[in-house]
Amino acid sequence: MTLLILLTLFGVCTGQFKPNVANGRTSIVHLFEWRWEDIAEECERFLGPNGFGGVQISPPNENLVVTNPFRPWWERYQPISYKICSRSGDEQQFRDMVTRCNNVQVNIYADSVINHMCSSEIGKGSSSTCGSSYDTYKKSFPGVPYSYKDFNEYKCKTDDGDIDNYEDAEQVRDCRLEGLLDLALEKDYVREKISEYLNKLIDIGVAGFRLDASKHMWPGDIQAIVTRLNNLNTQWFPNGSRPFIFQEVIDLGGEALSVQEYYDVGRITEFKYGAKLGMVFRKWDNEKMANLKNWGEGWGLMPTDRATVFIDNHDNQRGHGAGGASILTFFDSRLYKMAVGFMLAHPYGFTRIMSSYSWPRHFVDGKDINDWVGPPSHSDGSTKAVTINEDGTCGNGWVCEHRWRQITNMVIFRNVVSGQALTNWWDNGENQIAFGRGNAGFIVFNNDCRDMDVTLTTGLPAGTYCDVISGQKDGTRCTGTEITVSSTGSAHFTITCSTEDPFIAIHMNSKL
Ligand code: QV4
Ligand code: CA
């Protein structure tokens, strides 16, 4: 008993690896750049009713206001203070969102930028989302407060103070990422200010954190902050619940440091996931879907209970961070739906759906020179509301991938098959594959450009099922394709390569 008390007291238990999602919910959605009032609405009108487990929100703290280029999305990765005010809204709107989402079992996970403050080259001013002043030459941020003593200058060994070589694990942590003032996270005072901020969010009702730029923080420093964090607010979470932690560490292999160093601290973003799946669905490098038979650790990905997985994220959907040209995004919608469908059907990892806004890509020498363009906004820079059209899609430039029927229905598929092993794998040696999840679900893909006409063992009980990709179950009928499973559990699937979405998915809750 003593040990259990000790473990609970010191939060040493495995809590921070658990997403804290409500029973039966298995995915989160990144509502990138959404305003708090729109997220609150979306929780109540869509995410709660459709079984989403939570929302990753953009950094809620005060950031630098960048005017050249005009209000880029990345200004939110340049903190000025930990006051809760940003283009997404103020503290009252933030509190309202967390309460309303928690009340419909949709958790809030805050993107937290704790490795650094804003760029070193801004100088003195108060162009910030709360009006707090700063002087980056003096390294002074009165809004926290931080002074020059709280930054890494003396620890960094490079001439210009920036990270110049990712082969050197020390400078990756102790020098500036892209010239951003690097915090001295070994200092008690800095750890105190950061945990004070994160604990404020926890007490408001937040369920966990995306830790931005974790590669640039020593694992021991992150751990020291995590152990200072409160248990979750018992108004919505079981007593003793620990905040869910997922660390942004980009590791495609070949660098000095690796994701293994962060295993004991929390979950980690698995960037190999989207990069490799993009290659497979695009059939680059002779990749083919039949090779996905051992997808997961078999492909060199981290252990499934440490991985947070996604097809694209806010960085690599626009050429930032890592993943390169193979990354599939909403711009490649047909393949994107298939890849997201595969991710949600496969048991590996904890899944995150990207929900974007559109922007006018303009490639010059292979680089999108509009990669900085911020969220849909009014001329004063304020972010536009998310409007919902008659057909359930979003307006005002918001893409709302999470509302695409194929993606919403696969979020539900993942909930229905949760806990069931991958079974009944079949492939044609090329790009036609199928697999089941125990006796609860089955999915078939045709990414070959030749028609598919097969009879497969599904593992499902006999009956008539609605395909949740071409439609769904609506009372006693299917709005899309119907699949009949025989008494022996086998079913016949035909997928022509010209069909809009060349994949079929059925599960226990889509059975007539
Ligand atoms: C420029 C020069 C620097 C110079 C600096 C001086 O490039 O060499 O030292 O000025 O001020 C923006 C600009 C960038 C500018 C920088 C500082 O794009 O040109 O540097 O500001 O002024 C996002 C964007 C960055 C953006 C940053 C801060 O992607 O372009 O930089 O926000 O606004 C690595 C990391 C990984 C990181 C990824 C992008 O290991 O952790 O790069 N991903 C996370 C976030 C990402 C964010 C950051 C980290 C930084 O997902 O969105 O970067 O918080 O792989
Ligand atoms: Ca650092």
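This brings us to the pairing of strand E3 (residues 107-112). Of all the six residues making up E3, six are buried; the element is thus mostly covered by neighbouring parts of the structure. Burial along E3 is two-sided: the residues Asn107, Tyr109 and Asp111 and Ile108, Ala110 and Ser112 are all buried. The pairing of strand E2 (residues 54-57) with E3 spans four bridges and is classified as parallel. What sits directly across from Gly54, in E3, is Asn107. Handedness of the crossover is the feature at issue here: the chain leaves E2, passes through helix H3 (residues 91-102), returns alongside E3, and the resulting connection is right-handed. Inspection of the sheet shows E3 paired to strand E8 (residues 208-211) by four bridges, in the parallel sense. By the bridge assignment for E8, Tyr109 is matched with Gly208.

Here we come to unusual backbone geometry. With an omega of 5°, the peptide bond running from Asn68 to Pro69 counts as cis. For Pro69, the position within the fold is in the loop between E2 and H3. Here the residue pair Val144 and Pro145 is connected by a cis peptide bond, since its omega of 0° sits within 30 degrees of zero. By the element assignment, Pro145 lies in the loop between strand E6 (134-135) and helix H4 (169-174). In this structure, Asn20 takes a positive phi of about 65° despite not being glycine. With respect to the element layout, Asn20 can be found in the loop between helix H1 (2-9) and strand E1 (27-31).

Take the site of ligand 1 next. Neighbouring ligand 1 are 24 residues; Trp74, Ser119, His216, Asp315 and His320 lie closest to it. Interatomic distance of 2.5 Å between a side-chain N/O atom of Ser119 and an oxygen atom of ligand 1. A distance of 2.4 Å is found between an oxygen atom of ligand 1 and a side-chain nitrogen or oxygen belonging to Asp315. When the free accessible area of ligand 1 is taken as 920 Å², the share hidden by the protein chains comes to 77%. For the shell around ligand 1, a count of residues per class yields eight nonpolar, eight polar and eight charged.

Of all hydrophobic cores here, the largest spans 127 residues; its most connected members are Ile39, Val55, Phe94, Met97, Phe141, Tyr146 and Phe209. Ranked by residue count, the leading element in this core is helix H8 (residues 333-345), at eight residues. Setting aside anything within four residues of it in sequence, one finds Phe141 in contact with Pro79, Ile80, Met117, Cys118, Ser133, Tyr134, Thr136, Tyr146, Phe151 and Leu181. Core analysis: the next-biggest nonpolar cluster, separate from the first, contains 15 residues, Val444, Met452, Leu460 and Phe493 among them.

Attention now goes to the side chain of His116. The residue His116 is located in strand E4 (residues 116-119) in this model. Relative accessible area serves as the criterion here: at 2%, His116 is assigned to the buried category. At a separation of 3.1 Å, a polar atom in the side chain of His116 contacts the main-chain carbonyl oxygen of Tyr77. Reaching out from His116, the side chain makes a polar contact with the side chain of Asn115 at a distance of 3.0 Å.

Here we come to the coordination of the calcium ion (ligand 2). Protein ligation of the calcium ion (ligand 2) involves Asn115 (OD1), Arg173 (O), Asp182 (OD), Asp182 (OD) and His216 (O), the donor distances falling in the range 2.3 to 2.6 Å. Along the chain, the residues that donate to the calcium ion (ligand 2) are spaced as N-x57-R-x8-D-x33-H. Here Asp182 is found in strand E7 (residues 180-182), whereas its partner His216 is found in the loop between E8 and helix H6 (219-226), with 34 residues between them in sequence. Owing to a relative accessible area of 1%, Asp182 belongs among the buried residues under this scheme. Relative accessible area serves as the criterion here: at 6%, His216 is assigned to the buried category.

For the rest of this paragraph, the subject is the sheet that holds strand E15 (residues 422-427). Overall, antiparallel pairing links the four strands, which are arranged E15-E16-E17-E24 in an open sheet. Lying at the two open borders of the sheet, with one neighbouring strand each, are E15 and strand E24 (503-507). Neighbouring strand axes in the sheet, compared pairwise and without regard to direction, differ in orientation by 10° on average. Sheet topology places E15 next to strand E16 (residues 432-437); four bridges connect them, and they run antiparallel. The residue bridging Leu422 from the neighbouring strand is Arg437, located in E16.

Here we come to the state of the cysteines. Going through the model one piece at a time under the given rule, you end up with five disulfides. The disulfide bridge from Cys85 ends at Cys130, spanning 1.7 Å between sulfur atoms. Highlighted residues: Cys85 in the loop between E2 and H3 and Cys130 in the loop between strand E5 (124-125) and E6, separated in sequence by 45 residues. Under the relative-accessibility criterion, Cys130 is labelled partly exposed at 37%.

Reading the values: rules and limits
Residues numbered from 1 in each chain as written. Chains lettered and ligands numbered in written order. Predicted model: local features only at pLDDT ≥ 70, side-chain atom pairs only at ≥ 80, totals over all residues. Heavy atoms only, no water. Buried < 20%, exposed > 50% of the residue type's maximum accessible area, 1.4 Å probe, protein only. Helix = DSSP H or I, 4+ residues; strand = E, 2+ residues; numbered from the N terminus. Pairing = 2+ DSSP bridges. Right-handed = clockwise from strand over helix to strand, strands pointing away. Near = heavy atom within 4 Å. Polar contact = N/O pair within 3.5 Å; in protein donor to acceptor, adjacent residues only side chain to side chain. Areas by Shrake-Rupley, 256 points an atom, 1.4 Å probe, with all protein chains shown as cover. Nonpolar A, V, L, I, M, F, W, Y, C, P; charged D, E, K, R; others polar. Core = buried A, V, L, I, M, F, W, Y, C linked by side-chain atoms within 4.5 Å. Contact = heavy atoms within 4.5 Å. Donors = N, O, S within 2.8 Å, 3.2 Å for Na, K, Ca; no water. Axes fitted to C-alpha atoms, helices over the stretch in contact; angles between N-to-C directions. Disulfide = S-S within 2.5 Å.

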